[in-house]
Each structure stands twice: as structure tokens, then as C-alpha cells.
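Report on the structure
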Amino acid sequence: EERTGLTAFNLGVTNGKPEEFLAFARYAIEDLNMKPSLFIVGVDHDAFDNFRVQPQTINIGALRSKLDITEGQYLLNLIKLLKENLTIEYLYDVFRSSYYNVVGFPASTDIFKANGYKIDTGDKNNPDRWDKKAEEVILNVFRSGGDQLSEKRKQYFESFLDFAQKNNVEVRIMLLPFHPNILKKLGMSSDFINMYNQLNQYFNEVGKKFNFKYYDFTDIKTFNGDPNDFADLVHIEDRNSDKILDV
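A few points on the structure.

Across 6 bridges, the pairing between strand β1 (residues 38-43) and strand β2 (residues 170-175) is parallel. What sits directly across from L38, in β2, is E170. Strand direction decides the pairing type here: β2 and strand β3 (residues 213-216), joined by 4 bridges, are parallel. Within β3, the position partnered with R172 by the bridge is K213.

Attention now goes to the packing of helix α1 (residues 18-31) against helix α7 (residues 151-166). Running from N to C, α1 and α7 cross one another at 30°; their axes reach a closest spacing of 7 Å. One way to sum up the angle between α1 and α7 is to call them roughly parallel. Considering how the two elements wind past one another, α1 and α7 form a crossing that is left-handed. For the pair α1 and α7, the contacting residues are P18, E19, F21, L22, A25, R26, I29 and E30 in the first and R153, Y156, F157, S159, F160 and F163 in the second.

This paragraph deals with the packing of aromatic side chains. Tallied over the full model, the rule gives 19 aromatic pairs. Ring pairs connect the aromatic residues F21, F39, F48, F157, F160, Y202, F203, F212 and Y214, which therefore count as one cluster. Lying across the ring of Y74, R64 places its NZ or CZ 3.9 Å from the centre.

In this structure, the second largest pocket spans a volume of roughly 290 Å³. Along the walls of the second largest pocket sit 17 residues, with R52, V53, I58, Q73 and N77 positioned nearest its centre. At the level of elements, α4 (71-85) and α7 are the ones that each hand at least two residues to the lining of the second largest pocket. Top contributing element to the lining of the second largest pocket by residue count: α4, with 4 residues. When the residues that make up the lining of the second largest pocket are grouped by side-chain class, the tally is 6 nonpolar, 4 polar and 7 charged.

Conventions we followed
Residues numbered from 1 in each chain as written. Predicted model: local features only at pLDDT ≥ 70, side-chain atom pairs only at ≥ 80, totals over all residues. Heavy atoms only, no water. Pairing = 2+ DSSP bridges. Helix = DSSP H or I, 4+ residues; strand = E, 2+ residues; numbered from the N terminus. Axes fitted to C-alpha atoms, helices over the stretch in contact; angles between N-to-C directions. Parallel < 35°, antiparallel > 145°, perpendicular 65-115°, else oblique. Left-handed = near helix turned anticlockwise from the far one by under 90°. Contact = heavy atoms within 4.5 Å. Phe/Tyr/Trp six-rings, centres within 6.5 Å; stacked < 30°, edge-to-face > 60°. Lys NZ or Arg CZ within 6 Å of the ring centre and 35° of its normal. 1 Å grid on protein atoms, 1.4 Å probe; cavity = no way out; pocket = protein on both sides within 12 Å on 5 of 7 lines; lining within 4 Å. Points joined across faces, edges and corners; volume = space filled by probe spheres on them. Nonpolar A, V, L, I, M, F, W, Y, C, P; charged D, E, K, R; others polar.

Next up, the structure:
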């Protein structure tokens, strides 16, 4: 708000993809009668993978109605979702949540800043600090998500850009940064490098048609970022956020 002079709303969803960009933009303008001036969209490097439509979008009728998703596709997605997630671990989590809901949840040991960011201390440049399972999850995303940009997600993305353009909304796109420790490992992955190069090429090409500003912040060096200002391997905190906004 300080930098743009506009009222801002920070909308975040888990692993957002182009179908979210389009669905939320249409919902805000068509259903809520909002008149935004600017969309700043942070894009994950796996946003154009070939996995199915995100559950949080397809399972919410108000958002699903903004996409070309049939009732049959919705039901099939729901069945697959239940099949994948109805595990012993999931049932245990449900039981644990229900138990604590009755007896009371343990006191949180987390401390938060006034702006909502969690205070997390320690040397985040130390590779031993990070959970190895978290590293593997990130690496596996690019091993299993396909080595080509999803044509369907490219259609959703361009529909989002077209919708924004018709409603006089400026769009700025940025590829989000990785912590240097995981970026070093990703740099040795041909799957990641292939997707990254395709994304860069695609954004530069489609940017000429829709005239949006594109920023590649994959490496924190591009915005003089601080490796100690990460919540985890893929989420920056407030100081790095401010540095990105200053670019």
C-alpha cells in the first residue's frame, strides 16, 4: 500500500496455479463487484505442471463455476482426492484434531511479529537446519510433474491475462525465489532446469501479447535477498518481501 498508494489484499492459496488466477479474478470482479487496478501474481516454478486441477478450486462451487469444469470432472477429481488422502496418517490427524478440540489444544510456542510473520531464529544458511524430507518433496515435484508446460494451464493463464486486460487491470508476474540451499540442488536437476527454461521463454513470449511486467526472482541475488529471511526453503519472510517490492 505504501508503494502503490492502493488498498491491498493479500490472497494466498496452497500451491496456486493458473486456474486459481482466473477463478479468483473472475469471482472478485463478477461476483463481488470489486474493481482492482493491479494484480501482482507470485508464480511457483511448478505452477504449469500436468497434475490435475487443484482441490481447493474444483471443490468450491463459486470458483468451479468460473472454469470450464464439468460435473463429471468434479466428481472424478473428488474420488481421486479421497483415494489419495484417506490414509492411516490422515485418519490419525482427524482423530488428533478431534481430541484436542474437546480437551483443548496445547499452548503454542511460536512467537509472531506485529505484521503476522513468525519469528524464527538460527542460521538458515546451514544445510543441516532444513528437513531433508522437505528437500525431497521439492525435488520430487519436478521429477513427477512432467517435463512440459501444461497446455490447459497455459490456456487458463492466458484467459486470466485476457480477462484482466478487458477489465483494465494491470498485471505483474513474478517467479518466486528459492532458498540458496535448495536452488543449488535444483540446479543439478534436468527436470527443474527444463521447466524453468520453458517458463522463462513462455512468460517472455506471452508478455509481448498481453503487455505485462515479468520478474524472475528465482535466485535471491536478483533482489539482493537475505538467505536468513526465509520461513522454509520456498517461503520468504518480510525483509525479502520488501526487497522484492523495491525492485
